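Structural overview for review
Chain residues, written in single-letter form:
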Amino acid sequence: MTFLFNQFVTGLASASSLFLAACGLSIIFGVTRIVNFSHGAFYMLGAYVAVTVTEYLSSSFGFWSGIVFASLFVAAIGALVEMTLLRRIYAAHELLQLLLTFGVTLVVEDLVVLIWGPADLLGRRAPGLNGAFDLFGQPFPTYDLLLIALGPLTLICVELLLRRTRWGVLVRAATQDREMVAALGVNQQWLFTGVFTLGIFLAAFGAALELPREAASHTMDLQIITEVLVVVVIGGLGNVLGTFLAAVIVSELNAFGILVLPKISIILVFLVMALVLVVRPWGLLGRTEAMTRAASGLQIVRWRPLLSRERLLVTGGIVAAALLPLVAGDYALTVASEVLIFMLFAASLHLLVGAGGLVSFGHAAYFGLGAYGAALTLKQLGLPMAAGLVTGPLLGFAGALLFGWFCVRLSGVYFAMLTLAFAQIVWSIAFQWTEVTGGDNGLIGIWPSPWAATAAHFYWLTLALVAAGIALLRVILFSPFGYALRALRDSELRAEAIGLSRHRIQWFAFAIAGAFAALAGALYAFLKGSVFPDDLGIPLSIDGLAMVLLGGVGTVAGGVVGAALYKSLSIWVISHTDYSKLVLGLLIVILVSVFPQGVLGAFSHWRTRHAAGERP
Amino acid sequence: MKSVSALLAGVTLAAALSAVVPASAQDTIKIGEINSYSGLPSFTEPYRKGWQLALEQINAAGGVNGKKLEVISKDDGGKPADAVTAANELVSNDGVVMLAGTFFSNIGLAVSDFAKQKKILFLAAEPLTDAITLAKGNRYTFRLRPSNYEQAAMLAEEAAKLPAKKWATIAPNYEYGQSAVAVFKKLLSAKRPDIEWVGEQWPPQGKIDAGAVAEALAQAQPDAILNVTFGPDLVKFVREGNTRGLFKNRSVVSFLTGEPEYLDPLKDETPEGWIVTGYPWNAVTIPAHAAFLKAYQEKYNDYPRLGSVVGYSTLKAAAAILAKAKSTDSEKLVDAAEGILVETPFGEVTFRNSDHQSTLGAFVGKTALKDGKGTLVDVIYRDGAKYLPPESEVKALRPQD
């Protein structure tokens, strides 16, 4: 009995530290609607700066003042990032901030290694609180008591700030209706900067407080960001009390779960999130998302099918691509095949994001399902490659049908997070089910049939399938179904008023997108000769989003162009430098700042302006 | 608009491909090296220093077969798919005669399968999974580091001497952790059938909830604990364990903790009396080590880590294979590698014919705290040859070539 109580109190300490890391994100999320992917990076930066200050500058600062100083320092950096980078793209597609903060994360990851070196840095224990006291016969760390106290204390302070101060009133108003607040004369820019700075301060503070318990390591950001995102969504966006409740629930479930099922930790948060979102679509304490009024004219870009002249050019391009094996070597052909595969992946995601307005954070799950389907067909059933190329997409289609039904009941960020939850659940299954999927050692020996084994033959196969896939996606886009999908994206109310069934159409779009992503995944399995759980992972989903956004989410071919650009860049960069994340991150940040509508969007924008200028 | 997109796509593709011009042939022998330089710099930076030192020494002594040795090194970012791309580039574009390196077990497996497909020699440096030489072994893959089986055998030998009867295990929840625990359990239970396995914990790699896990382990009331966690997880676990008195009056056996990469970050938190595998760089008595230590410290002004030894030995092995084969043909290299003798800082090692596992050993000792830093005491070098998996097991598990 006393053991259970001890376990409960231990769970509370973890809950507090998780809450401290997450509440900053909840505030930022709630007000600015930014998916602040860089929250983890600032958390990590906070840890490193705090170690430096408390260890190496201990003569100038005491332990506690060092922690506060480190948090303020990182908050100042956060404010700088917000003012220079994020402000420029508030008016653009809301997903662009995701891409920008993703670029910032990559940059910070490599910067941290460059500045502080690769080794993990262990800070000291908190002075005065470095021992344990007796709790029902078991030693219990004294520092954990401080954490347990700080969690609710921070919650109370933040709530007071939001409810009793004028600034807090403005922040809450901005959560509900951003444009109206601006119309009433409040300086929206400074409000956002203030919110962002507060959020980053809390993140760095949470990281600094963790120092007596763990070392600062350069993988901290990735480890914390998914947990934090999930906790924030379970609690309900923008609701700090909800975040606290979610942190407590998740930590306690984990603390007791590992007594029964020790292997459950790996999947627990995502299971909880999936359950909560299916039952309460807005999170535990969240409310319906406020209607954001899109800047008029921004989304109304005319999409039209290709003219016959353009069709000729595209066919010419494909023929030229087919002639590549005559001039390029084996390696260039495999790189080209990989780029083509990701063009199909991005095109399928574009159907969801660009045409459907449904941002999916878990699209890689269907890519991975296609890859695993093809691999298992080869290994377990012994069928040739052609069979794998059929069963892979079928498995992806089935998965997308199953998960899509639940996902499309939600919208906005909750939709995105539920797709993430399902993707992580599939990932965990692939990771744990070692007998079938090989676990994290994956499946190897997935090589193409002899007729497609040479680089050139496989390239032609890929080119044929990808070209057919993208063409088919375009046909779907310009079919009545595609128009209905876009209608639902542009104005849900009006579309439903004329009788379009939102759930059915978006569900089917989800399934189609999943099927094409799975085709890309099946080809990928045969290209690499192996399948790993990485192919289902979050980084691949985010890469897909990056490709679509870079190309231009408001254009028809944005996914294709963005994929070609992003994939070629990353292959080239990783082959030529050890600091690939830094270079890639900087490139993304620059591209997003310079081309907020994406590369293709900016190009067509320039073309229209140029053409308009020519008219008398 | 769409013609523009086709054009843009074509241009970016062309730009990317123009950067992959095949390297021109030179009078050097090229070795392709792949590792997770960006993914795990705490291991791979000393590792790189190690093979660069070896390369310098080999070329200063005249190279191999009359030509200088050249190493083309690529980063795989910690992802198996990118490692295969890098391997492909090295083989197709850069004209390397053999591949070497990799750290993570899944990356090692992916590159080993690629090497089998392309029929090129692959010298796996660090991946520890037994699958590389057993269940998924192939003719072209050789592995340098002592495998999970060997390290488990070395630790089980020491563990069997302990009076402890009730054991609990904690390991990261992925293949390395799972197989390390499985092999250790099998070997220890074979030596001591009276042992009871009372508890196990499987924190996700990198996301350990140390307090809850430590409490759960304590609840099982074991006499001894097997630990497989490493890196940041180990640091958290040690801190929580120390504060909660988890290790008081308990023996702890731990994989890898004695390696400087994992021992140094613990500083004054280092637990005492843990039985660990490791590398006591300043207390090695093997004669070949002294020269290596001196050369390394002179060149880099830093002490070597275990990664340094691995990198150095990998390149020495590659050079020795090339010298013995007197050719760069893959089949001749594979034949030369079986049973070859290589000089490493831990003495002479060879690659066993049946599974291509090297006989490189490991140090087993006890952790101790001296001057606020962790160190190893009572250290003995265990020769890998004595702890290899039995030939019957190799025959049963390895796929027919």
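Residues numbered from 1 in each chain as written. Chains lettered and ligands numbered in written order. Predicted model: local features only at pLDDT ≥ 70, side-chain atom pairs only at ≥ 80, totals over all residues.

1. Focus: the overall build of chain A
On a plain count of helices and strands, chain A comes out with 25 helices and 4 strands. Taken against the 2.2 N^0.38 rule, which gives 25 Å for 616 residues, the C-alpha radius of gyration of chain A at 25 Å falls within 12% of a compact globule. Each of the three principal axes of chain A carries a C-alpha extent, and together these read 75 × 65 × 50 Å. Burial statistics for chain A: of 616 residues in total, 58% are counted as buried. Looking at chain A alone, contacts between residues at least 24 apart form 80% of all its contacts between residues at least 6 apart. (Helix = DSSP H or I, 4+ residues; strand = E, 2+ residues; numbered from the N terminus. Rg over C-alpha atoms; globule rule 2.2 N^0.38 Å. Buried ≥ 20, exposed ≤ 12 C-beta atoms within 10 Å, placed from the backbone. Contact = placed C-beta atoms within 7 Å.)

2. A look at the sheet that holds strand β13 (residues 362-370) of chain B
Residues and elements named next belong to chain B. Here 7 strands make up an open sheet; going across it, the order is β7-β6-β8-β9-β10-β13-β14 and the pairing mixed. The open sheet terminates on both sides in strands that have one partner only, identified here as β7 (196-201) and β14 (373-382). Along the sheet, successive strands turn relative to each other by an average axial angle of 25 degrees, direction set aside. Where strand β6 (residues 166-170) and strand β8 (residues 224-227) come together, 4 bridges link them in parallel fashion. Residue pairing in the sheet places threonine 169 in a bridge with leucine 226 of β8. (Pairing = 2+ DSSP bridges. Axes fitted to C-alpha atoms, helices over the stretch in contact; angles between N-to-C directions.)

3. Here we look at helix α11 (residues 265-279) of chain A
All names here are of chain A. Over its 15 residues, α11 extends 22 Å from the first C-alpha to the last, a length consistent with the 21 Å expected when each residue adds 1.5 Å. Of the positions making up α11, those classed as buried are Ser265, Ile266, Ile267, Leu268, Val269, Phe270, Met273, Ala274, Val276 and Leu277. Among the structural elements, α9 (220-235), α10 (240-260) and α16 (412-432) are those in contact with the buried residues of α11. (Expected span 1.5 Å × (residues − 1).)

4. Looking at the nonpolar core
Counting 354 residues, the largest nonpolar core has Ala204(A), Met343(A) and Met417(A) as the members making the most contacts within it. Of the residues forming this core, the biggest block, 19 residues, is contributed by helix α13 (residues 330-355) of chain A. (Core = buried A, V, L, I, M, F, W, Y, C linked by C-beta atoms within 7 Å.)

5. Some thoughts on the packing of helix α15 (residues 385-407) of chain A against α16(A)
All names here are of chain A. Between α15 and α16, whose axes approach to 10 Å, the crossing angle comes to 145 degrees. In this structure, α15 crosses over α16, and the sense of that crossing is right-handed. On the side of α15, the interface is formed by Phe403, Phe406 and Cys407, while α16 contributes Phe415, Leu418, Thr419 and Phe422. Counted by class, the contact of α15 with α16 contains 6 nonpolar, 1 polar and no charged residues. (Left-handed = near helix turned anticlockwise from the far one by under 90°. Nonpolar A, V, L, I, M, F, W, Y, C, P; charged D, E, K, R; others polar.)

6. Observations concerning the pairing of strand β3 (residues 98-101) of chain B
Residue and element names in this part refer to chain B. In β3, alternate side chains face the same way, and those of Met98 and Ala100 on one face and Leu99 and Gly101 on the other are all buried. When strand β1 (residues 28-35) meets β3, the two strands line up parallel, connected through 4 bridges. In the sheet register, isoleucine 34 faces β3, and the bridge partner there is glycine 101. Bridge analysis of β3 against strand β4 (residues 121-124) gives 4 bridges, and the strand direction is parallel.

7. Some words on the domain arrangement of chain B
All names here are of chain B. Here chain B is partitioned into domain 1 (28-146 + 286-361) and domain 2 (149-283 + 362-387). Facing 20 residues of domain 1, the contacting portion of domain 2 comprises 17 residues. When residues of the side of domain 1 that touches domain 2 are assigned to their parent elements, the largest contribution, 3 residues, is made by helix α11 (residues 306-325). Here the side of domain 1 that touches domain 2 is composed, by residue class, of 11 nonpolar, 7 polar and 2 charged. (Domains from an automatic or database assignment.)

8. Points about the interface of chain B and chain A
Of the residues lining the interface, 76 residues belong to chain B; the matching set on chain A comes to 74 residues. In terms of residue count, helix α1 (residues 2-18) of chain B provides more of the side of chain B that touches chain A than any other element does, 13 residues in total.

9. What to know about the pairing of strand β1 (residues 132-135) of chain A
Each regular strand displays side chains that alternate between the two surfaces of the sheet. Residue and element names in this part refer to chain A. Bridging between β1 and strand β2 (residues 138-141) involves 4 bridges; their strand directions are antiparallel. Paired with leucine 135 across the strands is glutamine 138, a residue of β2. Once β1 ends, the chain turns through 2 residues before running back antiparallel as β2, passing phenylalanine 136 with a positive phi of about 55 degrees.

10. Quick notes on the domain arrangement of chain A
All names here are of chain A. Domains assigned within chain A are domain 1 (2-220) and domain 2 (313-614). Between the C-alpha centres of domain 1 and domain 2 the distance comes to 34 Å. Each side of the interface is counted separately: domain 1 has 19 residues, and domain 2 has 19 residues. Along the lines of polarity and charge, the residues of the side of domain 1 that touches domain 2 split into 14 nonpolar, 2 polar and 3 charged.

11. Quick word on helix α2 (residues 41-60) of chain B
All names here are of chain B. Between its terminal C-alpha atoms α2 stretches 28 Å, which fits the 28 Å expected from 20 residues at 1.5 Å a residue. Summarising burial for α2: 15 of the 20 residues are buried, a large majority. Of the residues flanking the end of α2, it is glycine 62, one or two places downstream, whose phi is positive at about 105 degrees.

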